[in-house]
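Coordinate analysis (summary)
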Amino acid sequence: WSSDVCSSDLTRNTVMLVVHPSVPAQTLAEYMALARAKPGGLFYASSGVGGPNHLAGEIFNRMTGLEITHVPFQGTGLALQAVVSNQVGAMWGFTAGLLPHIRAGSLRALAVGGKERSAALPDIPTAAEAGVPGYEAVSWIGMVAPAGTPKPVLDRLWDAVHAAMQDKGVRDNLIGGGSEIVVSKPDEFRQVLESDFAKYGKLSDLFKTVK
């Protein structure tokens, strides 16, 4: 490692599958049935090749054996606009950015990509609950320090971050926006990094044709 882990993934933002209200699927199972009936005929938008919502969709395809066609855009904003305007039927996006559209009724949430339901949308099942056991797609924000940073410094940084994340205003703002506060120990964060390297490394074939 070229850096030391000094804190955990401070927050996690779960990826969620949403569809335009015109899509005739009220549940993930119904959406999967549509995809099976029309291989390659359903589409999902993303922020671009290799982005987190692209990877979330590709993992879903591979775990389910479905062929939902990827439509990359130059950024999350354009991808989201495409789904809200019904140019593309679905997308895997971060809960925080999707919440206003879900609450306004311009998007329908079908499943959460995390291991647990979102506190912001507790009625939406996880993908695992809805029929895809083992599915998980989340993003995280963490903190690292240069390799060789003395342990007392790392400990002090962790204490400061932990204290900040207990502030009610910080917590309310993050949770209200769809984020999950984690602040786990450095060793736990290292395991998260190693797990992600292994999981997403299996998708390296996606990038072989990208210039």
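Throughout what follows, the structure given in this document is the object of discussion. (Residues numbered from 1 in each chain as written. Predicted model: local features only at pLDDT ≥ 70, side-chain atom pairs only at ≥ 80, totals over all residues. Heavy atoms only, no water.)

So, the packing of aromatic side chains
- One pass over the structure, following the stated rule, counts three aromatic pairs.
- Aromatic side chains Phe60 and Tyr135 sit 6.0 Å apart centroid to centroid with 85 degrees between the ring planes, which places their arrangement in the edge-to-face category. In this pair, Phe60 sits in helix α2 (residues 52-64) while Tyr135 sits in the loop between β5 (108-112) and β6 (138-146), placing the two residues 75 residues apart along the sequence. Across this residue pair, the class does not change: Phe60 and Tyr135 are buried.
- Put simply, the rings of Phe60, Trp92 and Tyr135 pair up and form one aromatic cluster. (Phe/Tyr/Trp six-rings, centres within 6.5 Å; stacked < 30°, edge-to-face > 60°. Helix = DSSP H or I, 4+ residues; strand = E, 2+ residues; numbered from the N terminus. Buried < 20%, exposed > 50% of the residue type's maximum accessible area, 1.4 Å probe, protein only.)

Here's the deal with the nonpolar core
- The biggest cluster of nonpolar side chains holds 24 residues, and the ones touching the most others in it are Leu17, Leu28, Tyr31, Phe60, Ile68, Trp92 and Tyr135.
- Contributions of two or more residues to this core are made by β1 (3-19), α1 (28-37), α2, β4 (90-94) and β5.
- The greatest single-element share of this core, amounting to four residues, is contributed by α1.
- Beyond its immediate stretch of four places on either side in the chain, Leu17 contacts Leu28, Tyr31, Ala90, Met91, Trp92, Arg108, Ala109, Leu110 and Ala111.
- In terms of nonpolar packing, the next biggest core, distinct from the first, is built from 18 residues, Leu80, Leu98, Val112 and Leu121 among them. (Core = buried A, V, L, I, M, F, W, Y, C linked by side-chain atoms within 4.5 Å. Contact = heavy atoms within 4.5 Å.)

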